[in-house]
Amino acid sequence: MNNLESILTENRVFPPNPAFAAKARIGSRAAYDALVAEANSDYEGFWARLAREFVTWDTPFSTVLDESNAPHYRWFTEGKLNASVNCIDRHLPTKASKIAIIAEADDGSVREITYQQLHDQVVALANGLKSLGITQGDRVVIYMPMIPEASIAMLACARIGAIHSVVFGGFSAEALRDRINDTGARLVITADGGMRGGRMVPLKAAVDKAIENGCPNIEQVVVFERLGNATLMAERDITWSALTAGQPTTCPPVMVDAEHPLFLLYTSGSTGKPKGVQHATGGFLVNAAMTNAWVFDLNDDDVYWCTADVGWITGHSYVTYGPMALGVTQVMFEGIPSYPDGGRFWQMIERHKVSVFYTAPTAIRALMKLGDEVPAKSDLSSLRLLGTVGEPINPEAWMWYHRVIGGERCPIADTWWQTETGAHMIAPLPGAIATKPGSCTLPLPGIMAAIVNDEGELIGPNQGGNLVITRPWPSMIRTIWGDDARFQRSYFPEKLKGYYLAGDSARRDNEGYFWIMGRIDDVLNVSGHRLGTMEIESALVAHPLVAEAAVVGKPHEIKGESIVAFVVCKGDRPEGVAAEAMVKTLRDWVAEQIGPIAKPDEIRFGDNLPKTRSGKIMRRLLRGIAKGELPEGDVSTLENPAILEQLLGK
Ligand code: PRX
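Let me sum up the structure you'll find in this document. Along every chain, residues carry numbers that run from 1 in the direction the sequence is written. Local features in a predicted model are, by the rule used here, given only for residues with pLDDT of at least 70; side-chain atom pairs are given and counted only at 80 or more, and totals for whole chains, interfaces and linings are based on all residues. The side-chain numbers reported here are obtained from all heavy atoms of the structure, hydrogens and water having been left aside.

### Some details on the overall build of the chain
In terms of helices and strands, the chain carries 22 helices and 30 strands. Note on classification: 1.4 Å probe, protein chains only; a residue is buried when its accessible area is under 20% of the maximum for its type, exposed when over 50%, partly exposed between these limits. In the chain, which comprises 650 residues, the share counted as buried stands at 61%. Here the analysis covers contacts within the chain between residues at least 6 apart in sequence; of these, 71% occur between residues at least 24 apart. For the chain, the exposed area adds up to about 23700 Å²; of that, 51% sits on carbon and sulfur atoms. Lys and Arg are tallied as positive, Asp and Glu as negative. Neither His nor the chain termini are counted. Here the site of a charge means NZ on Lys, CZ on Arg, CG on Asp, or CD on Glu. Of the charged side chains in the chain, 62 are positive and 76 negative; the average position of the first set lies 1 Å away from that of the second. Helix and strand assignments follow DSSP, with helices taken as H or I runs no shorter than four residues and strands as E runs no shorter than two, numbered in order from the N terminus. Two residues form a contact once any of their heavy atoms are found within 4.5 Å. Only the protein chains shown count as cover for residues, with accessible areas throughout obtained via the Shrake-Rupley method and a probe of 1.4 Å.

### Observations concerning the site of the ligand
The full set close to the ligand counts 17 residues, and Asp414, Thr415, Thr419, Arg519 and Arg530 are the nearest of them. Between the ligand and the protein, one listed contact pairs a nitrogen atom with a backbone N or O atom of Gly390 at 3.1 Å. In the model, a nitrogen atom of the ligand is placed 3.4 Å from a nitrogen or oxygen of the Pro392 main chain. Contact with the protein chains removes 95% of the 540 Å² of surface that the ligand exposes when unbound. Elements supplying a minimum of two residues to the shell around the ligand: helix 13 (313-326), strand 20 (412-415) and strand 25 (514-519). Of the residues belonging to the shell around the ligand, the class tally is six nonpolar, six polar and five charged. Here a residue is near a molecule or strand as soon as one of its heavy atoms is found within 4 Å of it. Two N or O atoms count as a polar contact when they lie within 3.5 Å, although within protein this holds only if one can serve as hydrogen donor and the other as acceptor, and sequence-adjacent residues are included solely when both atoms are side-chain atoms. Here the nonpolar group is Ala, Val, Leu, Ile, Met, Phe, Trp, Tyr, Cys and Pro; Asp, Glu, Lys and Arg are the charged ones; every other residue, Gly included, is treated as polar.

### Considering the pairing of strand 11 (residues 220-224)
In terms of residue burial, strand 11 counts as a mostly covered element, since five of its five residues are buried. Because side chains alternate across strand 11, one face comprises the buried residues Gln220, Val222 and Phe224, and the other comprises Val221 and Val223, equally buried.

### A look at unusual backbone geometry
Residue Ala70 is joined to Pro71 through a cis peptide bond whose omega torsion reads 0 degrees. Mapped onto the elements, Pro71 comes out in the loop between strand 1 (65-66) and strand 2 (74-75). Located in the positive-phi region is Asn462, a residue other than glycine, with phi close to 65 degrees. Of note, Asn462 is situated in the loop between strand 21 (449-452) and strand 22 (465-469). Judged by its relative accessible area of 38%, Asn462 falls in the partly exposed class.

### Some details on the sheet that holds strand 29 (residues 560-569)
Two strands form a pair only when DSSP identifies at least two bridges running between them. Taking strand neighbours across the sheet as the criterion, the three strands line up as 28-29-30 in an open arrangement whose pairing is mixed. Strand pairing shows two members of the sheet lacking a second neighbour, strand 28 (546-556) and strand 30 (602-605), which therefore form its edges. Ignoring strand direction, the axes of neighbouring strands in this sheet form an average angle of 25 degrees. Pairing analysis gives four bridges linking strand 29 to strand 30, with the strands arranged parallel. Bridging across to strand 30, Ala565 finds its partner in Ile603. Packed onto the sheet, helix 21 (residues 619-626) meets strand 28, strand 29 and strand 30 and runs at close to 60 degrees relative to strand 28. Only the contacting stretch of a helix is used when fitting its axis, a line to C-alpha atoms as for every element, and angles between N-to-C directions run 0 to 180 degrees.

### Regarding the packing of aromatic side chains
What counts as a ring pair is set by centres within 6.5 Å for rings of Phe, Tyr and Trp (its six-membered ring), and what kind of pair is set by the plane angle: stacked under 30 degrees, edge-to-face over 60, tilted for all other angles. Summed over the entire model, instances satisfying the criterion amount to 35 aromatic pairs. With a centroid separation of 6.0 Å and an interplanar angle of 85 degrees, the aromatic rings of Phe168 and Phe171 are classed as edge-to-face. Note on Tyr318 and Trp417: the rings are 5.0 Å apart at their centroids and 80 degrees apart in plane angle, and the pair reads as edge-to-face. Of this pair, Tyr318 sits in helix 13 while Trp417 is found in the loop between strand 20 and strand 21, placing the two residues 99 residues apart along the sequence. Across the pair, exposure class does not vary: Tyr318 and Trp417 are buried alike. Chaining the aromatic ring pairs together yields one cluster made of Tyr43, Phe46, Trp47, Trp57, Phe61, Trp75, Phe76 and Trp294. Two conditions define a charge sitting above a ring: the NZ of Lys or the CZ of Arg must be within 6 Å of the ring centre, and it must be within 35 degrees of the ring normal. A cation sits over an aromatic face here: Arg179 above Phe171, 4.3 Å from the ring centre. Between the NZ or CZ atom of Lys436 and the centre of the ring of Tyr513, over which it lies, the distance is 4.2 Å.

Here it is, written out as structure tokens:
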């Protein structure tokens, strides 16, 4: 845990840059404290004020927070709204010709889309979806490259009250099929392919394979012609251009209840099956818009760029809904940071004069390794604010980001949040809060974060414990689609007094700053992507030659964590060339079952796994072995201690 140690000894403090603070929406610690006090003294009044400030309601809400059916909290009930109106229509009177999206493709070609064009394309697709019989409440799966049409598809669903579920384009056909079936979607929107790092991503082929393997509810597939090479199936497939051609130029938005589900997004948990996190329209939009304004301090003249894919929550809150609710100009990038070379991000910042840049620690670490001379070739003077998300950022990477990318003038917003929280929870307001490298700093006003022990009792400074949120907030998860019992069990365990359990451990320092330490459950964080160890284990044991498997994480310099799998094969334990071949087979297999992001970095074979006498796999020991350490301490409960040396390769 080098990262944790360095974080524990970190004591540098960076006060807000006065030039930044002078123009910021929330420009002093006193202003932050006043907002916190407002939320503390009148919680509902505070959120009602923000909900009115950031969201346009078709019918005003009358109840702010309904806690009568906890933990099924309801926000802004009786209120009606449409998310696409909030992201597009309401800007048109003043911003029709403002650029909404600067889209840079993998090959460097650039398209610009104004808010008016965004409107027209969303409306055309929404009408197209209606013509296919999609109506309010229907689920639509979106499996797209990182191109504007991904956001357009999301907004078109929102316009007609359909519930979208975006599946990251890096997931395999198998993973896609499981998600399609869990949502019960009738329709998939995809593209003939995408481009990443000069390579084609065969999205349509994956959709075909998913359906071939059994998606009984899917009636139709809409195919955006990104490459122009789609093979279409007569009855089922329709191209995006054919569907949208000749559609009416208006599409009355369906005004939905505040609690109407805006989307489902699958994320990993402690068990094998991903969870379909359900978000509500009104509350989600309030927090998404408000955090983009407060944490990123976005203004009309900013050029904002969030590098996340729309397949993750960051792409929902900080690419599609949040920035568009504020009517800002943003960059969208199809490709990867290393193509055609490791200067791509910095060249793009110069090319598009990006002022607010939001990326992940894993990207920062990978680009830092290439040396300061790479970013030095680009003019980064347009930047005024930097953000990070996805995992704890180690102070070394934070300092590099600050010094080399931010020119020591840009505040860094280290934003802690989750798929389930919908929006930033703990993050510095950049004009108000002094930052410390490696800390996500203080909860946003209105977010009641705390550290508690396993009994739900508050614990003091500098002690690690469970990170919880003690009061409901508007953009919180509403349930797990199709598994409400799991929702209650995972996030509101009885002994925690009704607090929301984030699943992270953290500590607060003497000044109340939060330092995230890592997950408390069997969830890995690989390059900022959440992967359940059980999910990878289930994939491994599904292979006909595998008898048993256990997966653990191991600290990794760039990815944060890497995936190490311990595998027991049916028959003899493979050795030498046979082991090498089996490693390749299993890595490819996991890529096929889940996606390349879940491929184990390392696979070790054993005759058995270390188990207790009751048969429970001792992961604690495997985590040590993955790091090359023979476990110290008590192994007396182990059924088969000799296995440890074999797995260690001694
Ligand atoms: O462990 C925390 C880590 O990522 C988890 C949430 O993952 P996901 O739902 O995929 O959402 C990622 C984007 C919000 C958290 O439980 N995490 C996220 N941001 C941070 C973080 N850990 C430390 N610092 C962060 N800023």
